[in-house]
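Architecture and fold: a report
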Amino acid sequence: NLSLKRPIVEKKTSVLEIDENTRKNLEINKSIMGEKKSSLISILNKTSTNFGFRILENRLNAPLTDLNQINERLLITQFFYENSFLASDLKEILTICPDFERAFSRLAFYKNSFQDLLTLKRGIKTSLKIKKFFNERKNKHTFPLKLSEILKSFSEFLDLDKILNAALSENSFEIGNQISYVNYGYNLDLDKSRDILSKSEKYISDLESRLIQETNITSLKIKNNNILGYFIEVTSRNVDTLLKNGEKKVFIHRQTTANTYRFTNDDLVLLENQINTASLKIDELELKIFNELKNLFLDYEIEIRSSADSIGELDFFLSIGIVSKEENWVKPEISNSNELTIISGRHPVVEKNVNLKGESTFIPNDCNLDSKKNIINLITGPNMAGKSTFLRQNAIIIILAQMGCYVPANHAKIGVVDRVFSRIGASDDLSEGHSTFMIEMLETATILNQATEKSFVILDEIGRGTSTLDGLSIAWSTLEYLHKNNKSRTLFATHFHELTVLEKILPKLCNLTVKIKELEDNIIFLHKIIKGKSNHSFGIEVAKLAGIPMKVVERSKSLLKDFERGSKI
């Protein structure tokens with residue numbers, strides 16, 4: 001029998017590649033702080049089962065690139081999006097489904113536990129419920145073709161279900177000191193041994209009463225421990241009375257303690273043997289029954305694994321369908337072109353956090369890129385104005401769409417992307433001896449060497465880790481290379497305002513800026529991306545907002561004027 005699923009060879013081109021750095025920058029699995037909370041997956045996760053979550057995690061990290069497969073998934077997501085009552089009823093069934101896929105793997109690796117058998121029994125019952133659930137609704141609903149295929153993979157399990165109902169009890173039985181999950185009536189020999197063991201306390205109590213009556217020692221007790229087994233215990237002062245009155249019942253001395261004497265006799269030895277034999281018989285029979293049921297499950301390996309996979313698939317689509325509905329997302333239009341048109345796009349995690357705080361509303365933004373007129377947007381504007389959020393949200397929207405999910409926007413037309421690249425933020429890797437700037441250059445090199453016309457690239461602050469002139473030169477030549485060689489759809493955020501002249505030189509580059517409002521010495525961030533360019537970065541104003549002392553702020557303004565006039569300080 002097979003203990004593990006056979007590996008499936010996936011072609012490199014079959015999934016949208018997202019490198020580790022991009023996963024981190026987009027906070028797909030964890031936030032920048034390393035927490036699940038505030039990650040993209042935490043927003044998407046409405047799964048009810050462990051295997052549903054495993055599929056969600058896998059598909060979020062490896063979206064599709066095949067247009068037909070993406071559209072097949074989107075149709076199932078749409079089905080659950082549009083049939084919210086059905087989705088709600090199905091979720092109730094999935095909520096009680098245990099992780100029987102893992103239970104089966106433990107059995108296959110010879111981990112002997114009745115709990116795993118019970119988990120599999122419950123999983124099979126859930127599988128039968130789901131099959132019945134959809135059969136009852138197939139006349140009322142038209143299922144997408146891919147959903148119908150998933151439903152066909154559910155086995156009947158009727159014979160197996162009957163055997164499991166007869167064999168296993170949901171509630172355990174306590175017999176003596178043993179716990180059992182095998183139903184009464186399933187095995188007659190087991191029932192007989194249980195009967196002896198369950199009545200053992202009464203048999204011991206009856207013998208104790210008889211001995212008290214015969215010896216007139218009211219404090220006489222029959223006890224049990226792991227060393228001696230069963231024994232008769234009397235106090236030191238009653239030991240002579242016991243031996244005198246017990247002449248017909250020969251008492252054999254076993255142990256003496258500080259205040260007591262411990263004995264046994266033929267009647268107790270006989271009764272103990274019967275109890276121990278029954279206990280051993282129960283262990284033997286239960287192991288035999290366990291192995292029979294385990295082998296029965298192993299015979300159904302293909303059907304069980306198929307059902308677990310299908311339940312996970314349903315849970316995955318149900319989860320993203322529910323999230324899409326709750327968050328008011330839209331179904332994206334997917335094509336094989338190089339178009340990227342997103343109207344009123346939003347960052348799902350930032351929007352959620354803004355809504356939870358209730359202080360303001362998230363400002364949506366459009367993104368329009370294509371291979372014909374506009375492949376690069378150069379975005380200028382102050383820090384904190386929303387440039388990085390804009391970059392990230394468009395990458396996330398692409399990933400969600402190619403996973404088969406609706407997207408946070410009013411409208412989205414997306415040409416399939418082969419890889420998403422990002423170069424955001426400043427960090428260093430001291431263990432490898434890499435400075436912040438070296439990391440920046442390594443990540444940029446990866447993009448320039450690997451990005452294709454089908455890729456999507458987001459770059460934030462290229463060249464900021466070195467001198468101004470060096471940085472400006474690197475950023476300028478990077479933009480030229482992306483425009484001429486890679487031809488990838490690109491969002492490029494920068495504080496080098498000198499780069500905005502490239503709009504006149506590079507025909508497929510368009511300048512964007514973040515709209516702000518200036519009131520006297522203060523600025524208000526409007527978080528709106530518009531066509532145009534910014535002439536300065538408002539860095540001193542941002543420093544003021546951050547709480548830098550006013551003396552430092554005023555001195556900075558004075559120095560800035562001197563530098564702008566070309567004065568030497």
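Predicted, not measured: the structure shown is a model, and the values here were computed from it.

Here we come to the packing of aromatic side chains. Evaluation of the coordinates by the stated rule reveals 12 aromatic pairs. Between the aromatic rings of Phe79 and Phe80, the centroid separation amounts to 5.5 Å while the plane-to-plane angle is 75°, which identifies the pairing as edge-to-face. Across this residue pair, the class does not change: Phe79 and Phe80 are buried. Ring centres of Phe251 and Phe263 lie 6.5 Å apart, and the angle between their planes is 80°; this geometry places the pair in the edge-to-face category. Remark: Phe263 occurs in strand S7 (residues 260-264) and Phe251 occurs in the loop between helix H12 (239-245) and strand S6 (252-256); sequence separation between them is 12 residues.

To continue, consider the sheet that holds strand S5 (residues 229-235). Ordered by their spatial adjacency, 4 strands build an open sheet running S4-S5-S7-S6, and the pairing between neighbours is antiparallel. The two strands at the open ends of the sheet, each matched to only one other strand, are strand S4 (221-225) and S6. Neighbour to neighbour, the strand axes of the sheet diverge by 40° on average, direction disregarded. Summarising the sheet, S6 and S7 pair through 4 bridges and their orientation is antiparallel. Looking across to S7, one finds that His253 is bridged to Phe263. Packed on one face of the sheet, helix H11 (residues 200-215) meets S4 and S5 and runs near 140° to S4.

Moving on, we come to the environment of Phe492. If you trace the backbone, Phe492 turns up in strand S15 (residues 489-493). Judged by its relative accessible area of 0%, Phe492 is buried. Along the sequence, Phe492 and Val542 sit 50 residues apart, while their C-alpha atoms lie 21 Å from each other. For Phe492, the contacting residues outside a window of four places in its chain are Asn377, Leu378, Ile379, Leu459, Ile462, Ala475, Thr478, Leu479, Leu482 and Leu499.

It is worth spelling out the pairing of strand S16 (residues 509-519) at this point. Across 5 bridges, strand S11 (residues 376-380) lies against S16 in parallel orientation. Residue pairing across strands places Asn377 opposite Cys510, the latter belonging to S16. Examined bridge by bridge, S16 and strand S17 (residues 522-531) share 8 bridges and lie antiparallel to one another. If you follow Val514 over to S17, its bridge partner there is Ile529.

Note that S4 and S5 share 5 bridges and pair antiparallel. Bridging from a neighbouring strand, Asn225 pairs with Gly229 of S5. Here S4 folds back onto S5, and the loop between the two strands holds 3 residues.

Overall, the prediction assigns the chain a mean pLDDT of 89, with 93% of residues at 70 or greater. Counting contacts from residues 428-433, a segment whose pLDDT is below 50, to residues more than four positions away or on other chains yields 6 contacts.

Okay, the packing of helix H5 (residues 84-95) against helix H7 (residues 114-135) next. A packed helix pair is summarised by two numbers, namely the angle formed by the two axes and the spacing between the axes. In contact at an axis separation of 10 Å, H5 and H7 are set at 165° when each is read in the N-to-C sense. Classified by the angle between their axes, H5 and H7 sit roughly antiparallel to one another. Crossing handedness for the pair H5 and H7: right-handed. Where H5 approaches H7, its residues Leu86, Asp89, Leu90, Ile93 and Leu94 are matched on the opposing element by Thr126, Lys129, Ile130, Phe133 and Phe134.

Here we take up the sheet that holds strand S9 (residues 340-345). Pairing is mixed across the open sheet formed by 4 strands, whose spatial order is S8-S12-S9-S10. Since the sheet does not close on itself, it has two edges, and those belong to strand S8 (333-335) and strand S10 (365-369), each with one partner. Going across the sheet, the axis of each strand differs from the next one's by a mean of 15°, ignoring polarity. Judged from the 3 bridges that link them, S8 and strand S12 (residues 411-415) form a sheet pairing that is parallel. Its bridge partner lying in S12, Glu333 is registered against Lys413.

Using the criterion set out here, one finds 22 salt bridges in the structure. Between Glu301 and Arg305 there is a salt bridge whose closest N-O contact spans 3.2 Å. With Glu301 and Arg305 both in helix H14 (residues 301-326), this residue pair falls 4 residues apart, about one helical turn. Taking relative accessible area as the criterion, Glu301 reaches 8% and is therefore assigned buried.

Right, let's talk about the packing of helix H4 (residues 67-82) against H14 for a bit. Where H4 meets H14, the closest approach of the two axes is 8 Å, and the angle between their N-to-C directions is 60°. As far as their axial angle goes, H14 and H4 are oblique. In terms of crossing hand, the pair formed by H4 and H14 is right-handed. Across the interface between the two elements, Arg73, Ile76, Thr77, Phe80 and Tyr81 from H4 touch Leu314, Phe317, Leu318, Ile320, Gly321, Ser324 and Lys325 from H14.

In protein chemistry, a disulfide is the covalent bond that joins the sulfur atoms of two cysteines. Summed over the entire model, instances satisfying the criterion amount to 0 disulfides. Free cysteine: Cys367, not disulfide-bonded; nearest cysteine sulfur from Cys510 at 11 Å.

Leu44, Phe80, Phe134, Phe297 and Leu400 are the most contacted members of the largest nonpolar core, which has 128 residues in total. Core analysis: the next-biggest nonpolar cluster, separate from the first, contains 20 residues, Ile376, Leu378, Phe492 and Leu509 among them.

All right, on to unusual backbone geometry then. A positive phi angle, near 55°, is found at Glu27, a position not held by glycine. With respect to the helices and strands, the residue Glu27 is situated in the loop between helix H1 (20-25) and helix H2 (40-44). Although it is not a glycine, Asn328 adopts a positive phi angle of roughly 60°. For Asn328, a relative accessible area of 55% puts it in the exposed group.

The next point concerns helix H6 (residues 100-108). With 7 of 9 residues buried, H6 is to be regarded as a mostly interior element. What H6 keeps buried is the set Phe100, Glu101, Ala103, Phe104, Ser105, Leu107 and Ala108. The elements touched by buried residues of H6 are helix H3 (50-61), H7, helix H13 (266-299) and H14. Where H6 terminates, the next one or two residues include Tyr110, which has phi positive at roughly 65°.

The rules behind each value
Residues numbered from 1 in each chain as written. Predicted model: local features only at pLDDT ≥ 70, side-chain atom pairs only at ≥ 80, totals over all residues. Heavy atoms only, no water. Phe/Tyr/Trp six-rings, centres within 6.5 Å; stacked < 30°, edge-to-face > 60°. Buried < 20%, exposed > 50% of the residue type's maximum accessible area, 1.4 Å probe, protein only. Helix = DSSP H or I, 4+ residues; strand = E, 2+ residues; numbered from the N terminus. Pairing = 2+ DSSP bridges. Axes fitted to C-alpha atoms, helices over the stretch in contact; angles between N-to-C directions. Contact = heavy atoms within 4.5 Å. pLDDT = per-residue confidence, 0-100. Parallel < 35°, antiparallel > 145°, perpendicular 65-115°, else oblique. Left-handed = near helix turned anticlockwise from the far one by under 90°. Salt bridge = Lys/Arg side-chain N within 4 Å of Asp/Glu carboxyl O. Disulfide = S-S within 2.5 Å. Core = buried A, V, L, I, M, F, W, Y, C linked by side-chain atoms within 4.5 Å.

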